[in-house]
Amino acid sequence: QQKVQQSPESLIVPEGGMASLNCTSSDRNVDYFWWYRQHSGKSPKMLMSIFSNGEKEEGRFTVHLNKASLHTSLHIRDSQPSDSALYLCAASMYRGSALGRLHFGAGTQLIVIP
Amino acid sequence: AQTIHQWPVAEIKAVGSPLSLGCTIKGKSSPNLYWYWQATGGTLQQLFYSITVGQVESVVQLNLSASRPKDDQFILSTEKLLLSHSGFYLCAWTGGPYEQYFGPGTRLTVL
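Description of the structure in this document.

What counts and what doesn't
Residues numbered from 1 in each chain as written. Chains lettered and ligands numbered in written order. Predicted model: local features only at pLDDT ≥ 70, side-chain atom pairs only at ≥ 80, totals over all residues. Heavy atoms only, no water. Helix = DSSP H or I, 4+ residues; strand = E, 2+ residues; numbered from the N terminus. Rg over C-alpha atoms; globule rule 2.2 N^0.38 Å. Buried < 20%, exposed > 50% of the residue type's maximum accessible area, 1.4 Å probe, protein only. Areas by Shrake-Rupley, 256 points an atom, 1.4 Å probe, with all protein chains shown as cover. Core = buried A, V, L, I, M, F, W, Y, C linked by side-chain atoms within 4.5 Å. Contact = heavy atoms within 4.5 Å. Pairing = 2+ DSSP bridges. Axes fitted to C-alpha atoms, helices over the stretch in contact; angles between N-to-C directions. Disulfide = S-S within 2.5 Å.

The next point concerns the overall build of chain B. Each helix and strand counted, chain B has zero helices and 11 strands in total. Along chain B, from the amino end to the carboxyl end, the secondary structure elements read β-β-β-β-β-β-β-β-β-β-β. The C-alpha atoms of chain B give 13 Å as radius of gyration, which agrees with the globular expectation for 111 residues (13 Å, within 12%). Over its C-alpha atoms, taken along the principal directions, chain B stretches across nearly 40 × 25 × 20 Å. Every one of the 111 residues in chain B was classed for burial, and the buried ones make up 47%. When the accessible surface of chain B is totalled, it reaches about 5,000 Å², and 55% of it is carbon and sulfur.

What follows is the structure, encoded as structure tokens:
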């Protein structure tokens, strides 16, 4: 069973619209969550990380975290066609000097239609 | 600035043949290094991680092995490839609890 569940599997939004992606961990030991974006054929690029309850905003991207429910969400406002990609959520513990095992979800495929 | 390089960019190999993939990071002292594998259409899986030279921890057994011969180098290898080894291999490094960066990846096709 996947330790990190992402929803929806795919999402289509119009250009300029808001995209909302969800991620939940079933492992209560996780401390940190990351969101990555992976364009087709490319390696994942880190978008944002979050480890405290609440909200974090960087440009058009906002991440929320609820540690009690181990749920994080990524919101992209004013979506652009270049945002079309696979969005990956990852969760991990951080102990000492190294990250513990990083678990990735299967991803949400975002398509932004011009 | 840190840079991470992987080689080769792509590889086509026969079943049963050996494999060696490399990863080098420059501009970062004593990085934590990781190998990941992503099957086509599949989920990214962590394979190995290393926090220091000569030390490697295995996360997922896929008939692969890893070594860290130098502070800035991480090697993934096997003596006998399987069809199931095909996919995208990614090396990553962490600079702290908030950041993990991936290299450009090596695309492996096993025939």
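Following the structure, the description resumes.
Our next topic: the nonpolar core. Across soluble globular proteins, nonpolar side chains have a tendency to be buried as a group. Within the largest apolar cluster, 24 residues are counted, with the highest numbers of intra-cluster contacts made by Phe33, Trp35, Leu74, Tyr87 and Leu110 of chain A. Looking at this core, the elements that each hand over two or more residues are strand S2 (10-14), strand S3 (19-25), strand S4 (32-38), strand S5 (45-50), strand S7 (61-66), strand S8 (71-76), strand S9 (85-92) and strand S13 (108-113) of chain A. With four residues, S9 of chain A is the largest single contributor of residues to this core. In this view, tyrosine 87 of chain A contacts Gln6, Leu21, Tyr36, Arg37, Leu47, Leu74, Ile76, Gly107, Thr108 and Leu110 of chain A; residues no more than four positions away in its chain are not counted. Core analysis: the next-biggest nonpolar cluster, separate from the first, contains 21 residues, Leu21, Trp37, Ala66 and Trp93 of chain B among them.

Residue and element names in this part refer to chain B. Pairing within the open sheet is antiparallel, and its four strands lie in the order S1-S3-S8-S7. The two strands at the open ends of the sheet, each matched to only one other strand, are strand S1 (3-7) and strand S7 (65-70). For this sheet, the mean inter-axis angle between neighbouring strands, taken without regard to orientation, is 20°. In this sheet, strand S3 (residues 19-26) lies alongside S1 in antiparallel orientation, the contact comprising five bridges. When the bridges of S3 are listed, histidine 5 appears paired with threonine 24.

This part covers the sheet that holds strand S1 (residues 4-7) of chain A. Residues and elements named next belong to chain A. With antiparallel pairing, the five strands of this open sheet are ordered in space as S1-S3-S8-S7-S6. Edge strands, defined here as strands with exactly one partner in the open sheet, are S1 and strand S6 (54-58). Strand-to-strand twist across the sheet, computed as the mean angle between neighbouring axes with direction ignored, equals 15°. Pairing analysis gives four bridges linking S1 to S3, with the strands arranged antiparallel. Of the residues in S3, the one forming a bridge with glutamine 6 is cysteine 23.

Residue and element names in this part refer to chain A. With the rule as written, the count across this model stands at two disulfides over all chains. Here cysteine 23 pairs with cysteine 89 through a disulfide, and the sulfurs are 1.9 Å apart. The disulfide joining cysteine 23 to cysteine 89 has a torsion of about -70° about its S-S bond and is therefore left-handed. Of this pair, cysteine 23 sits in strand S3 while cysteine 89 sits in strand S9; the two residues are 66 residues apart in sequence, bridging distant segments of the chain. The class for cysteine 23 is buried, based on a relative accessible area of 1%. Note on cysteine 89: relative accessible area 0%, which makes it buried.

Residues and elements named next belong to chain A. For leucine 47, the position within the fold is in strand S5. Leucine 47 gets classed as buried once you look at its relative accessible area, which sits at 18%. Expressed as a C-alpha distance, the spacing of leucine 47 and leucine 21, which sit 26 residues apart in the sequence, is 13 Å. What leucine 47 contacts, discounting residues up to four positions off in sequence, is Trp35, Tyr36, Arg37, Glu58, Phe61, Leu74 and Tyr87.

For the rest of this paragraph, the subject is the pairing of S6 of chain A. Residue and element names in this part refer to chain A. Looking at chain direction, S6 and S7 are connected through five bridges and run antiparallel. The residue of S7 that forms the bridge with lysine 56 is valine 63. Turn length for the S6-S7 hairpin, with the two strands adjacent in sequence and antiparallel, is two residues, and the turn residue glycine 59 shows positive phi of about 65°.

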